[in-house]
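# Per-entry structural report
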Amino acid sequence: MSRRPRASGYFRTDYAQDLALVQTRLEWASLIAFAILLAGFPFIASAFYLDLACQVFLASVGALSLMLLTGYAGQVSLGHAGLLAAGAFVTGILAKEINAPFWGTIPASALSGALLGVIFGLPSLRLRGLYLAVSTLALHFVVVYLGGEYEAKRGFSTGIVIDPPKIGAWSVTSGQAWYFILLGAALVTLLLCLNLLRSRTGRAWRAIRAHETVAEALGISIAGYKLLAFVISSAMASVAGALFAYYRGFVSVEAFSLFLSIQYVAMIIIGGTGSLLGALLGAVFVTLFPYVIEATLLSLPNAQAYAG
């Protein structure tokens with residue numbers, strides 16, 4: 001006699017329950033356990049592992065912004081490193097030239113990214129696929145060229161040195177402080193992306209990615225939502241670049257090579273396009289993979305002999 005399958009016990013009776021970010025007791029328990037782990041990690045980790053965690057948080061902000069543009073809105077971009085560079089250089093220039101505080105440089109970086117999103121998002125109204133990717137690639141070279149010219153004219157051969165940001169009389173210098181700041185930035189970016197995707201804007205992006213013609217027939221403004229995707233994604237990426245500049249304490253064109261854009265594309269592909277969790281997992285994988293490979297090679301017998 002076959003047994004009837006049991007129901008899960010989780011029932012939704014209204015739309016508010018269906019839209020809840022956390023819906024089951026298991027999800028709540030997992031979320032609380034993960035939050036405790038994140039909160040306690042900086043107090044037991046060494047400086048090296050704190051730096052790795054901060055790198056993951058920075059990569060997560062950039063990967064989430066690219067996931068909105070490519071994974072959900074369906075707009076291919078290879079200019080992500082240029083947007084990061086734009087935010088970093090705006091921060092560096094403002095901090096160096098007029099001694100601007102971080103609460104002024106971060107919004108300025110976001111504004112510069114949004115402006116670049118409008119300029120380089122306009123080709124998306126006419127171009128698709130490989131042609132759009134090539135047009136966004138120009139963004140990277142333009143920003144890096146302008147940043148290099150600024151470094152050369154001001155004599156910053158090794159890059160722009162930035163003082164640590166200050167909150168009142170307190171300077172953010174310790175690894176633990178940066179850990180919580182960058183963790184907060186990653187969480188805010190994730191919540192912003194989640195709410196955007198659950199809004200009318202997010203549904204429009206999904207429709208455009210699925211089929212542009214059908215989306216237009218449904219009354220969706222294709223041009224408007226494409227530009228909006230570029231603007232929001234570019235602003236987020238530029239903020240990530242500004243945070244990177246403050247965290248590293250300097251800005252240089254060498255930090256924003258074309259390979260960095262490829263890395264971010266790899267993050268959203270490895271994690272799975274169309275998934276915010278995939279963007280986070282891809283950021284973790286791409287950031288930590290080189291260190292895992294190095295540690296594995298060093299653990300092999302006679303590793304130093306091979307290295308020599």
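For the structure, see preceding data.
Summary of the structure given here. Here the structure is a predicted model, which is why all the values come from computation and not from measurement.

## Things to note about the pattern of salt bridges
- Counted under the stated rule, the structure contains three salt bridges.
- Residue Asp51 is joined to Arg248 by a salt bridge in which the shortest nitrogen-to-oxygen separation is 3.3 Å. Of the two residues, Asp51 sits in helix α3 (residues 47-72) while Arg248 sits in helix α10 (residues 222-248), which places them 197 residues apart along the sequence.
- For Glu212, the salt bridge goes to Lys226, with nearest N and O atoms at 2.9 Å. Of this pair, Glu212 sits in helix α9 (residues 212-217) while Lys226 is found in helix α10, placing the two residues 14 residues apart along the sequence. In this structure, Glu212 and Lys226 share a single accessibility class: buried.

## Remarks on the environment of Ala81
- Mapped onto the fold, Ala81 is located in helix α4 (residues 80-97).
- A residue is classified by how much of its surface remains accessible, and Ala81, at 0% relative accessible area, is buried.
- Spatially, the C-alpha atom of Ala81 lies 9.4 Å from that of Phe141, the residues being 60 residues apart in sequence.
- Aside from chain neighbours lying at most four places away, what touches Ala81 is His140, Phe256, Ser257, Leu260 and Ser261.

## Regarding unusual backbone geometry
- Of note in this structure, Asn99 is not a glycine but carries a positive phi near 55 degrees.
- Summarising the element assignment, Asn99 is placed in the loop between α4 and α5 (102-121).

## A short note on the layout of surface pockets
- Here the largest pocket defines a volume of roughly 1500 Å³.
- If you trace the largest pocket, you find 40 residues lining it, with Phe34, Leu38, Leu190, Leu277 and Leu280 closest to the centre.
- Residues of the lining of the largest pocket, tallied by class, amount to 34 nonpolar, three polar and three charged.
- In this structure, the second largest pocket encloses a volume near 500 Å³.
- Around the second largest pocket, the lining comprises 21 residues; the ones closest to its centre are Gln55, Phe244, Leu260, Gln263 and Tyr264.
- Residues belonging to the lining of the second largest pocket are distributed by class as follows: 15 nonpolar, five polar and one charged.

## Side note on empty space enclosed by the protein
- Taken as a whole and judged by the stated rule, the model has one cavity of 30 Å³ or more.
- Each pocket or cavity is described by its volume, and for the largest cavity that value is around 50 Å³.
- Lining the largest cavity, in full, are Leu69, Ser77, His80, Leu83, Leu116, Gly117, Phe120, Thr136, Leu139, Phe230 and Ser234.
- Looking at the lining of the largest cavity element by element, the count peaks at three residues for α5.

## Points about the packing of aromatic side chains
- Inspection of the entire model under this criterion finds nine aromatic pairs.
- With centroids separated by 5.3 Å and ring planes inclined at 90 degrees, the aromatic side chains of Tyr179 and Phe180 adopt a geometry described as edge-to-face.
- Ring pairing ties together the aromatic residues Phe41, Phe43, Phe57, Tyr179 and Phe180, which thus form one cluster.

## Description of helix α11 (residues 258-271)
- Here α11 is 14 residues long and its end C-alpha atoms lie 21 Å apart, about the 20 Å a rise of 1.5 Å per residue gives.
- Buried within α11 we find Leu260, Ser261, Tyr264, Met267 and Ile268. Down the axis of α11, the smallest arc covering the buried residues is 110 degrees, so these residues share one side. Among the exposed residues of α11, those oriented more than 90 degrees off its buried face are Phe259 and Ile269.
- In the core, the buried residues of α11 are packed alongside α3, α4 and α12 (276-299).

Reading the values: rules and limits
Residues numbered from 1 in each chain as written. Predicted model: local features only at pLDDT ≥ 70, side-chain atom pairs only at ≥ 80, totals over all residues. Heavy atoms only, no water. Salt bridge = Lys/Arg side-chain N within 4 Å of Asp/Glu carboxyl O. Helix = DSSP H or I, 4+ residues; strand = E, 2+ residues; numbered from the N terminus. Buried < 20%, exposed > 50% of the residue type's maximum accessible area, 1.4 Å probe, protein only. Contact = heavy atoms within 4.5 Å. 1 Å grid on protein atoms, 1.4 Å probe; cavity = no way out; pocket = protein on both sides within 12 Å on 5 of 7 lines; lining within 4 Å. Points joined across faces, edges and corners; volume = space filled by probe spheres on them. Nonpolar A, V, L, I, M, F, W, Y, C, P; charged D, E, K, R; others polar. Phe/Tyr/Trp six-rings, centres within 6.5 Å; stacked < 30°, edge-to-face > 60°. Expected span 1.5 Å × (residues − 1). Arc of directions from axis to C-beta.

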